[in-house]
Amino acid sequence: MKKFGLLLAGGIAALILISNIGPLIGLAVSMVVLYYIFKQFLKTDSTSKKIAWGIFGLFILMATASNVPAILAIAAAYVLYLVYKKWNDEKNTYKSDDPFVNFEKQWDELKKN
């Protein structure tokens, strides 16, 4: 039943990630352009060029903000990562006072090392 829940959560997260791949790419491109504009803004000594880079930067910042669904894609990718980690997580928990079960637990630990 636990695997079914993980499969369901992973499937939903994968669908969300695939459906928001366009805004995710748009966010990445606009962030790169915004970084370039910021670097050019810091390099420039002229006040008029700083104003021009600042105005251009504001336009690109608005374009970046319009890709808000990309945040859902990032969250879905994180959920997929968590599902992957949980799916491959193998726990050997022995909760018994039986000495033979404790021996099996210690034997498993020795085999791992």
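Here the structure is shown first, and the text comes after it.
Predicted model, so just to flag it, every value in this text is computed and none were measured.

Conventions used here
Residues numbered from 1 in each chain as written. Predicted model: local features only at pLDDT ≥ 70, side-chain atom pairs only at ≥ 80, totals over all residues. Heavy atoms only, no water. Axes fitted to C-alpha atoms, helices over the stretch in contact; angles between N-to-C directions. Helix = DSSP H or I, 4+ residues; strand = E, 2+ residues; numbered from the N terminus. Parallel < 35°, antiparallel > 145°, perpendicular 65-115°, else oblique. Left-handed = near helix turned anticlockwise from the far one by under 90°. Contact = heavy atoms within 4.5 Å. Nonpolar A, V, L, I, M, F, W, Y, C, P; charged D, E, K, R; others polar. Phe/Tyr/Trp six-rings, centres within 6.5 Å; stacked < 30°, edge-to-face > 60°. Lys NZ or Arg CZ within 6 Å of the ring centre and 35° of its normal.

J.: For this particular structure, what's the right way to read the packing of helix α2 (residues 21-43) against helix α3 (residues 47-65)?
T.: Each packed pair of helices is defined by two parameters, the angle between the axes and the distance between the axes. In the contact formed by α2 and α3, the axes pass within 9 Å of each other and the chain directions differ by 165°. As far as their axial angle goes, α3 and α2 are roughly antiparallel. Handedness of the α2/α3 crossing: left-handed. Of α3, the residues touching α2 (which contributes Leu 27, Ser 30, Met 31, Val 33, Leu 34, Tyr 36, Ile 37, Gln 40, Phe 41 and Leu 42) are Lys 50, Trp 53, Gly 54, Phe 56, Gly 57, Ile 60, Leu 61 and Thr 64. Looking at the contact of α2 with α3 residue by residue, the classes come out as 12 nonpolar, five polar and one charged.

J.: I'm lost on the packing of aromatic side chains in this one. Help?
T.: We describe a pair of aromatic rings using the distance from one ring centre to the other and the angle between the two ring planes. What the rule picks out here adds up to three aromatic pairs. Centre to centre, the rings of Tyr 78 and Tyr 81 are 6.5 Å apart; their planes meet at 35°, and the pair counts as tilted. Of the two residues, Tyr 78 and Tyr 81 both sit in helix α4 (residues 69-87), three residues apart, roughly one turn of that helix. Taken together, the aromatic side chains of Tyr 36, Trp 53 and Phe 56 make up a single cluster linked through ring pairs. The ring of Trp 87 has Lys 3 lying over it, and the distance from NZ or CZ to the ring centre is 4.5 Å.

Geometric descriptors of this kind do not, in isolation, establish any biological role.
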